[in-house]
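Residue strings, one per chain:
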Amino acid sequence: MKVRHLVWLRRITQILFLCFFLYLLIVSRLSQDIYLNYSLALSTDQDLRLEQPATFFFQLDPLVGISSLLSGQTLIKGFLWGAGIVVLSMLLGRVFCGFLCPLGTLHHAVGTTKPALKGSRMVQANQKTSCQRLKYFLLIFMLAGALLGLNMAGLLDPIALLFRSIALAVLPGFGTALRAVFDALAASDFKMLSMLSYAGEVLVSPVFGYTHQAYQTGWFIGLIFLVILFLNRIRPRFWCRILCPLGALLGIFSRFSVLKLEKYPENCTHCNLCTKHCQGAASPKPDEDWETAECLMCFNCYNACPEDALAFKFKWSFKLNRQPDIGKRALLGGLLAGVAIPFMGRLDGQIDKISDPRLIRPPGSLPEESFLELCQRCGLCMKVCPTNVINPTLAEAGMAGFWTPHLIMTQGYCEYTCTLCSSVCPTGAIREMGVKEKINQPVKIGSAYIDRGRCLPWSGNAPCIVCQEVCPTSPKAIYVRNDMVTAPAGKKLKVQLPYVDLQKCIGCGICENKCPVRGLPAIRTIAAGESRSLRNQILL
Amino acid sequence: MNFEKAITRRESIKKLLRVSGCLTFSGTTAFATNSAESGRPATANNGFMVEGVGETSDYDVKELTRKTFEAAGGISKFISKGDVVVVKPNISWARRPEMAASTNPTVMEAVIELCQEAGARKVRIADNTIHDVRRCFALTGAGMVAKNTGADLIYPRSSLMRRMKLQGNRLDIWPVFVPLVEADKVINLPVAKHHSLSVLTLGMKNWIGAVGGRRNKLHQDIHMTIVDLAQFFNPTVTLIDGIRIMTRNGPSGGSTSDVVQKNTLILSNDPVAADARAARLFDRKPEQIGFIKLGQKWGLGTYDFQKLVRKKVTL
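Computed from a predicted model, the values in this text were never measured in an experiment.

Turning next to the confidence of the model for chain B. Residue and element names in this part refer to chain B. Mean pLDDT over chain B stands at 86; residues scoring 70 or higher make up 86%. Between residues 27-44, whose pLDDT stays under 50, and residues either more than four places distant or in other chains, the model counts ten contacts. Among the scores for the predicted complex, ipTM is 0.81 and pTM is 0.88.

Our next topic: unusual backbone geometry. Residues and elements named next belong to chain A. In this structure, Pro442 follows Gln441 across a cis peptide bond, with omega equal to -20°. Mapped onto the fold, Pro442 is located in the loop between helix H21 (435-440) and strand S5 (447-450). In this structure, the amide linkage connecting Ser474 to the following residue, Pro475, adopts the cis form with an omega of -5°. Of note, Met297 is a non-glycine position whose phi angle comes to about 55°, a positive value. Mapped onto the secondary structure, Met297 falls in the loop between helix H15 (273-277) and helix H16 (300-304).

Our focus in this paragraph is the interface of chain A and chain B. Taken together, the 43 residues of chain A in the interface contact 36 residues of chain B. Only helix H10 (158-186), helix H11 (191-208) and helix H22 (466-470) of chain A provide two or more residues apiece to the side of chain A that touches chain B. With four residues, the single largest contributor to the side of chain A that touches chain B is H22 of chain A. The residue inventory of the side of chain A that touches chain B, partitioned by class, reads 27 nonpolar, eight polar and eight charged.

With that settled, consider helix H10 (residues 290-297) of chain B. All names here are of chain B. Burial in H10 covers these residues: Phe291, Ile292, Gly295 and Gln296. The buried residues of H10 occupy an angular sector of 135° when projected down its axis, which confines them to one face. At its buried positions, H10 is contacted by helix H8 (222-232) and helix H9 (271-281). Of the residues flanking the end of H10, it is Gly299, one or two places downstream, whose phi is positive at about 75°.

With that settled, consider the domain arrangement of chain A. A common way to express how large an interface is: the accessible area buried when the components associate. For chain A, the assigned domains are domain 1 (1-29 + 49-344) and domain 2 (444-540). Look at where the C-alpha atoms of domain 1 of chain A and domain 2 of chain A centre, and you get two points 48 Å apart.

Basis of the calculations
Along each chain, numbering runs from 1 in the same order as the chain's sequence is written. By the order in which they are written, chains take letters starting at A while ligands take numbers starting at 1. A pLDDT threshold of at least 70 governs which residues receive local features in this predicted model, and a stricter bar of 80 or more applies before side-chain atom pairs are shown or counted, although totals over entire chains, interfaces and linings include all residues. pLDDT runs from 0 to 100 and stands for how confident the predictor is about each residue. The contact rule is simple: place each C-beta atom from the backbone, and if two of them lie within 7 Å, those residues are in contact. Strands here are runs of E lasting at least two residues and helices are runs of H or I lasting at least four, both read from the DSSP assignment and numbered beginning at the N terminus. Gly counts as polar in this scheme, as do all residues outside two lists: the nonpolar Ala, Val, Leu, Ile, Met, Phe, Trp, Tyr, Cys and Pro, and the charged Asp, Glu, Lys and Arg. Exposed residues have 12 or fewer other C-beta atoms within 10 Å of their own C-beta, buried residues have 20 or more, and partly exposed residues fall in between, where C-beta atoms are placed from the backbone. It is the directions from the helix axis to the C-beta atoms that the arc portrays. Boundary definitions for the domains trace back to an automatic or database domain assignment.

Given below as structure tokens:
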């Protein structure tokens, strides 16, 4: 195989994996045309599930597997894929970064299509610097933190970061813009334009969502994504070289790689083309020592060299490659920070004292401490939720739980017969369960209470009881009593007054979502009473 | 039509001419034939009601639906060749059919097949659901029906809700689910079930699922808004599904213990009469139910069954 072919093989693999990633991301939703065989309905319970392996890239990502193993002492589903990537890195170096990683591919594309630096400045930018130790610091920091019970790997893990950015910021952003166009078209009096808008909506909604998707801190997630992409103008693949903890992890394993960059200094004319095209700042130049741990296996240097001074070759002799330049400071600093962070994260008392009442976790979530050990903050549960109720937290879960999922009932509600989020969680922070289990146990995520000052019948303003109507349990957790109340003009008004039966309430929040009092509804849901927490119980 | 936009002088004159012309024409014809009693002579005079009851233990629901329509004179009496027909079931809640929270999918399938046999150009299933619509389509069996029959499932997207003038007592301008007003024929296909606020939800209340906007406000005067909507959406025919009825914990239900088998279908072109008959399935007197009483008062129909041509088919 010629070198040129190797580079093209890399490009094609990169594109294929990026497309596969985007495909899996887009199909992480309930499609419009889901059919169930209702003749089976009386005999069986068919749970709605995704047909595609939505968590594939998370299984492929060894950082997800290792951090969950360290913190939660559990092997995630499909961890063998991640183990395979580790073995692959031990044989071939960071090929995951060069060939498979969708975020790496994006950076590669952004950095190469319009390079910011030219000529010798690019050569200068591609020299290895001590900045590149930062990623080892981050890796050690996260793994040490994970070992002590706070898994923050997902904040910087490239797969989780890319999924979160695209699912919670990029797609909803474009979706909102498109929907604005279609709504404007639909409002027009020209039949042609309205038809066009319907057709357009049918075409785009499977990708951008069937309703207006909104996520708390979505703008911030999007901003960070843009900044990370922009960093490629300072140095090509800035993220992969300097920040990516997964890259650091694979770099450490690449020490054993048998695919090595062979150098022939006698052929070298010091043209610097290899360094100019190097994506990882891995010192490919023949008179320098090849930094295996920094090399992204893009084969650019091999391809660029006009003098046959470089070649990637398999060498089966047992000789370790150059050791990764971690640096004492990164190691010690990472360990210190990693030891400190799980305890700093508990300073706000969210875990040990009393948790925020708004911290309503998706149904099936593990108890808070175990949840934080496993949650990758990837946003997959938020993407699949059909009502858009699951949102990233801002302060609700404290510092330790930033961007973990929680339910905002004014945005959506938890569907009584839906357990989709539990079926897609890559690490099992939301444990998988069926609808039967959710209903029969029942799995409570919180409880509702009535704000009588706002409630229309309680305040004597009007009959209402929408909350009682929409309450999904049987018998209903919201019941009504007939009573006379005093209306504003002093008249007596006969109304039905709603009450909550805490024994039956599961905290699904549909009452809060459908309450006619907007913004701060007259019936609201709090986390108290959630079945995952012993301490948060209300009733004896 | 956009009612928010100011109307120009020319348009208003055109409209006035058109309306006055129509009025003169209908006035003269009415005078000539001397038969128009009210704005809705069709239902008032030619009102009929067919009850289909499955009495044997293993009767076929589809067959019962067909027989019921045959007794009313056949589907071709209502659906003409080339019509765009919209079937409005009640599939508001993502519940399995046996919970009786939604229209029986077998009945729905039979009705759609009948329409297709009558030569309907297109049959559409449209409902603005309360639960997430994709889950409603899947769990209630409506999706399966659409797949089996080739009917279109209309997804209630925001651009399909358009503000219209309802000219009701309580509701003036409200967003309406467009396919229902653009259809040539509309078949109202509700399920009979208990409702905590309006006592029962039957045919007329089914129109709450045909509008958009902040529907939870409608609860503040539920009976009047039901009647307002029923006078706006005047269906070709109403078929109330009483195969399984939900007798308590409505309208959402969620347990088979709330469900009673009644094996009854009620077909009528009089929305009030159909609801009144369905109320009897729950042992309720029609006049005790607010929207039925108001419906008769506002001339939508009658719950005096003597005024109707009544038939009964059994299987």
